[in-house]
Each structure stands twice: as structure tokens, then as C-alpha cells.
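Understanding the architecture of this molecule
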Amino acid sequence: MTSEPDAPLFADRPEWEDVVPLPQYENVDPLAPIFYTDEYKDATNYFRGIVKTGEMSPRVLELTENIIRQNPAHYSAWQYRYKTLMALKAPLDVELRLMDELAVRYLKTYQVWHHRRLLVTETREPGPELEFITKSLQEDMKNYHTWSYRQWLLAYFNDDALWSDELNFADQMLESDIRNNSAWHHRFFVVFQSGVRTGDENREEVVRRELAFVKNYISLAPNNASAWNYLRGILDHSATPYSQLLLFVTPYSVPRSPDADLVDVIDLENPPPSMGAQLPCVAAIEFLADIHENEGGDDIMKATELWRSLADEHDTIRKKSREYRIRDALQKVQV
Amino acid sequence: MAESQLLIPLHVSYIKSLGDSKDDLAYHMTAHLRMNAIYWGLTALCTMGHKDALDRVEVIDFVLSCWDDEAGGFGAHPDHDAHIHSTLSAIQILLTHDALDKVDIDRVTRFILSLQKPSGVFAGDEFGETDTRFSYCAISALSLLGRLSDLDVEKTVSYIRQCRNFDGGFGNTIGAESHAAQVFVCVAALAILDRLEEVDQQTLCWWLAERQLPNGGLNGRPEKLEDVCYSFWILSSLSIMRKVPWIDADKLTAFILSCQDPESGGIADRPGDAVDVFHTCFGTAGLSLLGYPGLVDLDPVYCMPASVIEAKGLRKDWQALHRRLS
Ligand SMILES: [Zn+2]
């Protein structure tokens, strides 16, 4: 929140003598009068002063950095800083290194990321950015701005070299946290949502690979909503009927059978729930109900029984939504 | 001990007192949100039936003092540059106080439209950060000003459509992860434009219902913490799709009430955290949509008093829970 403790006020620095500081415009403010620290008041008074004269000089960079460090959400300071960098043709790699520090410090501030976007659009060197993002995700593995910046970078520059290691990166993120929804989303973005990667031209093969991938993750931790969403995402995207997953899903939808450990032939296409997983799994019951509903006819009753078991027993907080599904399905049968 | 009642008098005095805490250093950090803060405070007061707790003339004077004559929009604070978010808040405040006649509607419309990018998304200001939040700000503001006819609807919808994800949700830009707050801005924007057919409603309503956690609170993405403000983002989206009953109302109500500060008033993001006007607004808004007794109806599309929106003839086909008598 504060700048360097010993830095003198701008009002006390001889090199700023020629700037006329402009105090905050005072006005009625029924919800919140402004109360500032002396350091903040001093810096923003000088900021208003230089904005008024339109000065764009190296000392403006010092002043705006000072303000940003006190209040990273001060968007006018960011804006003016960017304009000044452009006017001075300042070395943007230097600016990016400063941003490396500020981004990690103010991870949740929009402006930090937008400023970066503007800089990289100028430098047109996205390569080092991927490495920076990977590092910064270590601070907060689900930070929305960081992920969204990565997705923008990939799509905007969109060259093969940039994409080449992306699947690997998504894998590593999932390995460190199997439930990180941002990483699951990113995988979908890389594989299905942003064109076809080199080596991924055979789409049927890609769908098979992704199905095997997600089944394996579900078997490791069946109660993982993100993985089930990913599974549904693949099926919807490739127009694969859910019923093709019947064999895989069924063991997850029932309590663990006492003789499960006796099965010695493992079906590699349908990995079973890992030992110790909590069963039955709500997402599996839901999935099975969807299969039955799609089948129609007598299967509708099977679907309603499954929804009933979710409503009354396995997922009572969502009781109303399952009762809605039951009514809805029964109505369709009667029509 | 968790509160079992909404402490209306305490919240009203909390909002009124926000201007007094002069020793609060956090204030200088939030000048860029001042206009929004007044909108949040006023909306919370309206929801609790105490619209007049803040002086109408003072509020209107403040809003007008934030006019940026160079840009033709409103800033968040008297000497700040115009921004689309503070411009929407200004319009919402003025309309709530029936004072829209004080705005140069032609100029504001031009300012808003100037922020649309070729892709169809809107930027927040001339600095250029783009986000579906800003698309919502633009659409809502133009609609409230009666100038939606000036908008290129196809282009605007096309960008929002591209932000739709495989889980039915929406992100802040093309390719970004689904997030409940972004779901609200996209669904409400499409509702205003009468383009709800762009939403995969079955998948999305299910994803939204999945956001409720065993403690009753709602989160914004899978595996994230619950937070009071998601009550509004999610309930409003579900209201628009007429599926509010999919949320366990008793549990969510209890969760929101447990986030109140029983001594000084205000609502926090989670029980025991510091309160703020943002969560006080969206906590009370959520309770209103849940039919909490004694509250005033809130329009979930515009997040404004329903009576104001109805008077403008802008009401969409949403449905909240019936207001309970006790
Ligand atoms: Zn929140």
C-alpha cells in the first residue's frame, strides 16, 4: 500500500519544483468523502499537475509507478503511464520486467494485466510471456486474470511454436491439482476450442485420446465435477451419444461391490473407481440418468428412479432441480 | 450465533455512515469505485424500503459532478475520466431518482457506442480493456436510455456467443473460463436484447445449481469458496431462466444472513469477514429474489427496483420466488 518508506514527498523534491500540484476537486460526496495519506495526496496532486500540462517525460514514469504502488487500481495513472511510454519510445522490455514484479504483487488487479497486454501487443514477443504466466500461476493456480491472459496470448499471436507445448502445460497443471477447473477449461480450450493443433489433425483420434485421458482422471478421483464436465464437453462437442459410456459409468453410480477387488482382468478402456473412492458418485448417477432419459420409453422410469435417489439421498441440496427433471421427463412420456 | 433475521435498521445506518469513517485508509484506494459504491448503497436501500435514507439532492449533485465533458460520459469520481461502468451506475442512480432528464442522452449514447470494438465486445474506457462485463454495461445503459435501437445487435451478440463454453457458462473474453459473474452479465445482456435462445439453458441452469455448497452458499466456479455476491449473480441468471427454485432457498437465505455484522451492520462475503457496501447490495438483492419477507422487488436483469423498470416498460419475462409474508 505504501511506497518506499524513506522516499521524500514530491512537494519536497527540487526536481519537481516546476510542476504546479493540483489538489483533489472537492465536492459533496454523500457516501464517502475521500481521506488520503499524505504520500498519496502528494503524488496524485502532482499527477493531476502533469496531466494538466500534458507532460510526458521520464519523471512521469517515476511518478506513475509511485502512485500505482500505492494504489494499483488507479486506472488513470496506468493509462497515462502507457501513453508516456509510447511517447518516449521507452524500452518496453524494461517495463515488462517491472511488470513481472507488479503482476505477482497485485495479481487480482485488472489494470496490471491489461497494461501487459498492451505492451506485448507492441513488442510482439509472446514467447517469454508463457514462461512468466506459468511462474505467476504458482502464486495462485486459479487466478482468473492470469489464465485469461494466457488464453488471449495464445489466440492473439496464434503461431505453432507458441502452441507447441500447451497440452503438456495443461497436463502439468492438472497433475499438481486434479480439481483445478481452470486447468480443465484450458485443456478444452487447447484441444477443441481454438483451432486444430499440429499433430491433432485426426479428430476421431483426438476424441479417443481425450476420453481415455478424462476416464483415467475420473477413476483416480470420481467426485470431481470438473472432470465430469470435461467428459460431457467432449461428448457434446463430438456428438458422441452418452450411452457409449454406459459400461464406464455404471460402476461409479452404485455402492462399491464387495467383490470388486476380485476382478483381475482390468478393462483398460473402462478404468474402475480407485480404491477408497467415495461411491456412489453423484455425477455418475446424474450421467446415467441422462443416458436413460435419452433412450426414452421404459428407460424414462429408470431415469426418474435415479433422480429420486439423488433428490432424497445422495444430493439433497439440489432436490428441487431433480424433482423438476422428474416432472419434465414424465410429462414428455405422457404427451 | 448466526443471525436469523435481516437486520434492516442496522444495514441502513451502516450505509448512511459510510461517509463518516474519515479515518478509514481504505477509502483512498476505492475512489475509482465511488460512483459504483453509491449505486450499490442506493440499490441496497431501495431493496430494504429505505430509498430516502440518502439525501436525493446530494446524490444527484454528486453524480452530475462526475460528468466528464471531454468524453461525454461519467467518471467514478469528479476528476476521473469517463468509464462505461461508472456511466451505467450514474444512469441507474439518476433513473432510480427519476432524474434522467439531467443527462445529455445523445452524448452519452455516442460515448458508449464509441467503446465498441470491431469484434463486437465493448471496452471499459479509451484505455481499451475489453470484457463481457462492459458489453453488459453498454447494453443495460442504452436500454435504460431508450437508445438500444442505435446498437449493432448482431455484432454485439456474436461476441457474447463466442464466449460461451462447453459447460454452458460464459467467460469474460473469448476462450476464458466460465465464471458465475460473467454468466450474469452475458445472460442479462441477452435477455435485454431478447436473444436468450443463444443460451444452452439446460446445461447452464444445471451448472448454476451445482454452484451451491453444503453450507448453503454459492461459489462462482467449481472448487472455489462460497461468497455472498454470487447469490445475486446466480439467482438473477436463474430468475431470467425461471429456475430459481433449483437453489435450496432456506439454506442460501441462512448463509446470507450469517454474513451480516450484527453490531455495526453491513454484509460481508463470508461469515466473519469485514463487511462492504458491494456485498451488502448483492446480499440484500439475493434475499429479495429469494422472496425474503418485507423486502422490495428487485429486477434481476437491471439490478434495480422492479417498479422503476416496469414504469419504463422494460420488464423481461423473469421469475423470482414469491414474497413470503413471514
Ligand atoms: Zn464477492
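Just so you know, the residues in each chain are numbered from 1, in the order the chain's sequence is written. For this description, chains carry letters from A and ligands carry numbers from 1, given in the order in which they are written. Only residues with pLDDT of 70 or above have their local features reported here, since the model is predicted, and side-chain atom pairs are shown and tallied only from 80 upward, although totals for entire chains, interfaces and linings are computed over all residues. Side-chain metrics in this entry use all non-hydrogen atoms of the structure; hydrogen atoms and water are not considered.

It is worth spelling out the confidence of the model for chain A at this point. Regions with low pLDDT carry predicted coordinates that are not meant to be interpreted in detail. Every residue is assigned a pLDDT by the predictor, reflecting its confidence on a scale from 0 to 100. Mean pLDDT over chain A stands at 90; residues scoring 70 or higher make up 92%. Contacts of residues 26-33 of chain A to residues separated by more than four positions or lying in other chains number 30 contacts, the stretch itself having pLDDT below 50. In this description, contact between two residues means that some pair of their heavy atoms is separated by no more than 4.5 Å.

Bringing the environment of Ala188(B) into the picture now. By the criteria applied, helices consist of DSSP H or I runs no shorter than four residues and strands consist of E runs no shorter than two, each listed in order from the N terminus. Here Ala188(B) lies in helix 9 (residues 180-192). Separated by 56 residues in the primary sequence, Ala188(B) and Val244(B) place their C-alpha atoms 15 Å from one another.

Moving on, we come to the domain arrangement of chain B. All names here are of chain B. Where a domain begins and ends is set by an automatic assignment or by a domain database. When cut into domains, chain B gives domain 1 (1-54 + 211-326) and domain 2 (56-195). When each unit is reduced to the centre of its C-alpha atoms, the spacing between domain 1 and domain 2 is 21 Å. Contacts between the two partners involve 33 residues from domain 1 and, on the opposite side, 36 residues from domain 2. Using a 1.4 Å probe, buried area is obtained as the accessible area two parts lose upon being combined, added over both of them. For the pair domain 1 and domain 2, the summed buried area comes to about 2,900 Å², and 70% of that belongs to carbon and sulfur atoms.

Quick look at the packing of helix 4 (residues 56-65) of chain B against helix 5 (residues 84-96) of chain B now. All names here are of chain B. Two elements in contact, helix 4 and helix 5, have axes whose closest approach is 10 Å; the angle formed by their N-to-C orientations is 150 degrees. With respect to helix 5, the axis of helix 4 lies roughly antiparallel. Crossing geometry of helix 4 relative to helix 5 is assigned as left-handed. Listed contacts from helix 5 to Val59, Ile60, Val63 and Leu64 of helix 4 are Ala90, Ile93 and Leu94. By residue class, the composition of the contact of helix 4 with helix 5 is seven nonpolar, no polar and no charged. Orientation is described by axes fitted as lines to C-alpha atoms, over the contacting stretch for helices, and by angles from 0 to 180 degrees between their N-to-C directions. Our angle categories are set so that under 35 degrees counts as roughly parallel, over 145 as roughly antiparallel, 65 to 115 as roughly perpendicular, and the remainder as oblique. Here a crossing is taken to be left-handed if its near helix is turned anticlockwise relative to the far helix by less than a right angle, and right-handed if that turn runs clockwise. Each residue gets one label: Ala, Val, Leu, Ile, Met, Phe, Trp, Tyr, Cys and Pro are nonpolar, Asp, Glu, Lys and Arg are charged, and the others, such as Gly, are polar.

Attention now moves to the interface of chain B and chain A. Often, the extent of an interface is quoted as the loss of accessible area upon association of its parts. Each side of the interface is counted separately: chain B has 63 residues, and chain A has 54 residues. For the pair chain B and chain A, the summed buried surface comes to about 5,600 Å²; carbon and sulfur atoms form 59% of the total. We define a salt bridge as a contact between a side-chain nitrogen of Lys or Arg and a carboxyl oxygen of Asp or Glu at a distance within 4 Å. Viewed at the interface, chain A and chain B are joined by two salt bridges. Among the ionic pairs, Glu210(B) bridges to Arg318(A), the shortest N-O distance being 3.8 Å. We define a polar contact as two N or O atoms separated by no more than 3.5 Å, with the added condition that, inside protein, one atom must be a possible hydrogen donor and the other a possible acceptor, whereas residues neighbouring each other in sequence contribute only through side-chain atom pairs. Where chain B packs against chain A, one counts 16 residue pairs in polar contact (both at pLDDT 80 or more). Every element with two or more residues in the side of chain B that touches chain A is listed here: helix 2 (26-29), helix 3 (34-47), helix 4 and helix 10 (201-209) of chain B.

Another aspect to go through is the coordination of the zinc ion. In a perfect tetrahedron of four donors around a metal, the angles come out at 109.5 degrees. In a perfect octahedron of six, they are 90 or 180 degrees. Residue and element names in this part refer to chain B. With water omitted from the atoms examined, metal sites may look incomplete; donors here are N, O and S atoms no farther than 2.8 Å from the metal, or 3.2 Å in the case of Na, K and Ca. Coordination of the zinc ion by the protein comes from Asp227 (OD), Asp227 (OD), Cys229 (SG) and His279 (NE2), over a distance range of 2.2 to 2.5 Å. Because the angles between the four donor atoms bound to the zinc ion fall within 55 to 117 degrees, the donor set is best described as irregular. Linear spacing of the donor residues for the zinc ion on their chain is D-x1-C-x49-H. Taken as a pair, Asp227 and Cys229 share a single burial class, namely buried. Four donors are marked tetrahedral only if all angles between them lie between 85 and 135 degrees, whereas four are marked square planar and six octahedral if opposite donors are more than 155 degrees apart and the other angles lie between 65 and 115; the remainder are marked irregular. Three exposure classes are used, based on accessible area relative to the maximum for each residue type with a 1.4 Å probe and protein chains only: buried under 20%, partly exposed in between, and exposed over 50%.

Each nonpolar core is a collection of buried residues, namely Ala, Val, Leu, Ile, Met, Phe, Trp, Tyr and Cys, held together in the definition by side-chain atoms within 4.5 Å. Counting residues in each nonpolar core, the largest one holds 115 residues, and the members touching the most others are Ile112(B), Leu144(B), Phe170(B), Leu204(B) and Phe232(B). It is helix 9 of chain B that provides the largest number of residues to this core, a total of 12 residues. Both domains that furnish three or more residues to this core are identified here as domain 1 (1-54 + 211-326) and domain 2 (56-195) of chain B. Setting aside residues up to four positions removed in sequence, Leu144(B) forms contacts with Leu88(B), Ile91(B), Gln92(B), Leu95(B), Leu100(B), Tyr302(B), Met304(B), Ile309(B), Lys312(B) and Leu314(B). Tyr82(A), Val206(A), Leu211(A) and Phe166(B) belong to the second-largest nonpolar core, a separate cluster that totals 89 residues.

Below, the discussion takes up empty space enclosed by the protein. Residues and elements named next belong to chain A. Buriedness of a pocket was judged along seven lines, with at least five required to meet protein on both sides within 12 Å; pockets are open sets of points on a 1 Å grid over the protein atoms alone, cavities are sets where a 1.4 Å probe fits but cannot get out, and lining residues have an atom within 4 Å of a point. Grid points are joined across faces, edges and corners, and a volume is the space filled by probe spheres set on the points. A complete count under the given rule lists four cavities of 30 Å³ or more for this structure. The calculated volume of the largest cavity comes to roughly 120 Å³. At four residues, helix 5 (residues 110-123) tops the list of elements feeding residues into the lining of the largest cavity. Tallied by class, residues from the lining of the largest cavity come to two nonpolar, six polar and three charged.

All names here are of chain B. Residue placement: Phe184 occurs in helix 9. Judged by its relative accessible area of 3%, Phe184 is buried. Through-space distance from the C-alpha of Phe184 to that of Leu10 is 29 Å; in sequence the pair is 174 residues apart. Not counting residues within four places of it along the chain, the set of residues in contact with Phe184 comprises Tyr136, Ala189, Phe232, Trp233, Ser236, Ser237, Pro300 and Val301.

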